[in-house]
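Take a look at the letters that make up each chain.
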Amino acid sequence: MARLTNKGNWEGVIREFRAFLPEIREDAITTLKEGNTPLIEAVNLRDIFGGIRLLLKYEGLNPTGSFKDRGMTMAVSKAREEGSKAIICASTGNTSAAASAYAAKAGMKAFVLVPEGQIALGKLSQAMMHGALVLQVKGNFDEALRIVKEITSNYPITLVNSINPFRIEGQKTAAFEVCEHLGHAPTFHFLPVGNAGNITAYWKGYREYEEKGMIASLPKMMGFQAEGSAPIVIGHPIENPQTLATAIKIGNPASWQGALDAVKESGGAIEAVTDDEIIEAYKLLAAREGVFCEPASATSLAGAIKAKKEGVLNDGDTIVCTLTGHGLKDPDRAIASSQKPVKIAADTKKILKAMGF
Ligand SMILES: *Cc1c(COP(=O)(O)O)cnc(C)c1O
């Protein structure tokens, strides 16, 4: 059993959930002690949610600031076990940050392809600091992923996008943690959907926990895309996806079928929310719950608010929203979304006046 309450001794998801993961040779395990993120009770949104219990799975508290670490510890450890010397990924930002950090830890080379001008500042700075070769592609994520697939089918470099099955294996551990924290599965689980690896992974995790008798029921999986970038919702790939939630700006998701299966098998839904709804949820979380996530992450809460309005949720339900990444990743968006600081003279009287005294 995972020692979820004893953070000091937390060994990272591979060792903590060994019984539920593919085996990895001990000396190949590459971990930054990812996982064991908090499940935070949202107590200040009762005016919206009434008698529904809302919890936030705050994945921004992983070592590189997003859930991608859970999958990356698996993918990089496996690559290392197989003797690979280099990894490569296409990324909207967080995958490149995680890949770069875990490659550094493993002593491997990382190549990351990101759409030029489309990734948040914090994420770019991470990949650069960890010593990856950052290739800013004049194109979008989907084009970058196509190139990465082409390269890895011809050269001995390990692909660490979520089409790497070990990524999904690692990411499913977040579902285990939710069950451990709650003592059962939630009624609904809300997630942002970009490449759709994460919703696929959570559903796999919940199913496996049920099969092993760890939980008695399964949640309904609720995936949300941004309106201008909602290929799964509209039913075909999009050439030019648009959304300010850059982490989910993807027109042709790799795990499309996985998302559809999760939603269908669980009795959930996959829908879209507007950028305005995403920003509103992003601000609500920061201002009312004290939780700073990045815009894409708030898509889960925007989805939950929408579901509540549509009468999908009932009093007594326990719902979990995954907040996929940390707000500090995207300082530009945070500053653009909030009140400007007040410029003022170093004068006590003037400052007191500005404070309303
Ligand atoms: C990667 C990412 C997503 C999307 O996850 P998928 O597995 O691609 O659907 C959402 N939010 C953040 C912050 C991400 O980094």
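Above this text you will find the structure in question.
All of the points below concern the structure found in this document.

Reading guide: rules and limits
Residues numbered from 1 in each chain as written. Predicted model: local features only at pLDDT ≥ 70, side-chain atom pairs only at ≥ 80, totals over all residues. Heavy atoms only, no water. Helix = DSSP H or I, 4+ residues; strand = E, 2+ residues; numbered from the N terminus. Rg over C-alpha atoms; globule rule 2.2 N^0.38 Å. Buried < 20%, exposed > 50% of the residue type's maximum accessible area, 1.4 Å probe, protein only. Contact = heavy atoms within 4.5 Å. Areas by Shrake-Rupley, 256 points an atom, 1.4 Å probe, with all protein chains shown as cover. Lys, Arg positive; Asp, Glu negative; His and termini not counted. Charge placed at Lys NZ, Arg CZ, Asp CG, Glu CD. Expected span 1.5 Å × (residues − 1). Near = heavy atom within 4 Å. Polar contact = N/O pair within 3.5 Å; in protein donor to acceptor, adjacent residues only side chain to side chain. Pairing = 2+ DSSP bridges. Axes fitted to C-alpha atoms, helices over the stretch in contact; angles between N-to-C directions. Salt bridge = Lys/Arg side-chain N within 4 Å of Asp/Glu carboxyl O. 1 Å grid on protein atoms, 1.4 Å probe; cavity = no way out; pocket = protein on both sides within 12 Å on 5 of 7 lines; lining within 4 Å. Points joined across faces, edges and corners; volume = space filled by probe spheres on them. Right-handed = clockwise from strand over helix to strand, strands pointing away. Phe/Tyr/Trp six-rings, centres within 6.5 Å; stacked < 30°, edge-to-face > 60°. Parallel < 35°, antiparallel > 145°, perpendicular 65-115°, else oblique. Left-handed = near helix turned anticlockwise from the far one by under 90°. Nonpolar A, V, L, I, M, F, W, Y, C, P; charged D, E, K, R; others polar.

### A closer look at the overall build of the protein chain
- The number of helices and strands found in the protein chain is 15 helices and ten strands.
- Whereas a compact globule of 357 residues would reach a radius of gyration of roughly 21 Å, the protein chain reaches 20 Å, a difference of no more than 12%.
- When the backbone C-alpha atoms are referred to their principal axes, the protein chain occupies close to 65 × 50 × 45 Å.
- With 357 residues in all, the protein chain has 57% of them scored as buried.
- Taking the contacts inside the protein chain whose residues are at least 6 apart along the sequence as the reference set, 71% of them involve residues at least 24 apart.
- Accessible surface for the protein chain amounts to roughly 15200 Å². Of this, 53% is attributable to carbon and sulfur atoms.
- Separation between the mean location of the 40 positive side-chain charges and that of the 39 negative ones in the protein chain comes to 5 Å.

### Details of helix α12 (residues 275-289)
- With 15 residues, α12 should reach 21 Å at 1.5 Å per residue; the first-to-last C-alpha distance of 20 Å fits that figure.
- Residues of α12 that are buried include every one of I278, I279, A281, Y282, L284, L285 and E289, and no others.
- Backbone geometry just after α12 places G290 at a positive phi near 70°.

### Quick notes on the site of the ligand
- Near the ligand lie 16 residues; those nearest to it are K68, N94, N195, N198 and T324.
- Contacts to the ligand include K68, whose side-chain N or O atom sits 2.6 Å from an oxygen atom.
- The backbone of A196 places a nitrogen or oxygen atom 2.8 Å from an oxygen atom of the ligand.
- For the ligand, whose unbound accessible area comes to 380 Å², protein coverage reaches 97%.

### Concerning the sheet that holds strand β9 (residues 269-273)
- Within the open sheet, the six strands sit side by side as β1-β2-β10-β7-β8-β9. Their pairing is mixed. Among the strands making up the open sheet, the edge pair consists of β1 (39-41) and β9. Sheet twist, expressed as the average angle between the axes of neighbouring strands with direction ignored, equals 25°.
- Where strand β8 (residues 220-226) and β9 come together, five bridges link them in parallel fashion. Pairing of A226 across the sheet is with V273, part of β9.

### Concerning the pattern of salt bridges
- What the rule picks out here adds up to 18 salt bridges.
- Between E169 and K172 there is a salt bridge whose closest N-O contact spans 2.5 Å.
- A residue is classified by how much of its surface remains accessible, and E169, at 12% relative accessible area, is buried.
- What makes K172 buried here is its relative accessible area of 1%.
- Across the salt bridge formed by E271 and K306, the nearest N and O atoms sit 3.5 Å from each other. Here E271, found in strand β9, pairs with K306, found in helix α13 (residues 299-309); they are 35 residues apart in sequence, far enough to count as distant.
- Its relative accessible area of 23% is what places E271 among the partly exposed residues.
- Among the ionic contacts, a cluster of salt bridges with common partners joins K57, E59, R70 and E177.

### A few points about the layout of surface pockets
- What the largest pocket holds in volume is close to 230 Å³.
- Forming the boundary of the largest pocket are 13 residues, of which D142, E143, R146, G251 and N252 lie nearest the centre.

### A closer look at the pairing of strand β5 (residues 133-137)
- Sheet analysis places strand β4 (residues 109-115) next to β5, joined by five bridges and oriented parallel. Among the inter-strand pairings, F111 is bridged to a residue of β5, identified as L133.
- On the question of chirality, the crossover connecting β4 to the parallel β5 by way of helix α5 (residues 121-129) is right-handed.

### A short note on the packing of aromatic side chains
- Per the counting criterion, the structure on display carries nine aromatic pairs.
- Between F17 and F176, the aromatic rings sit 5.4 Å apart at their centres with planes inclined by 55°, giving tilted as the arrangement. Of the two residues, F17 sits in the loop between α1 (13-16) and β1 while F176 sits in helix α8 (residues 173-182), which places them 159 residues apart along the sequence. The same class applies to F17 and to F176, which are both buried.

### A short note on the packing of helix α3 (residues 68-81) against helix α4 (residues 94-106)
- Between α3 and α4, the shortest axis-to-axis distance is 9 Å and the interhelical angle comes to 40°. What the angle tells us is that α3 and α4 run oblique. The chirality of how α3 crosses α4 is right-handed. Here K68, D69, M72, T73, V76 and R80 of α3 come into contact with α4, specifically with N94, T95, A98, A99, Y102 and A106.
- When the residues that make up the contact of α3 with α4 are grouped by side-chain class, the tally is six nonpolar, three polar and three charged.

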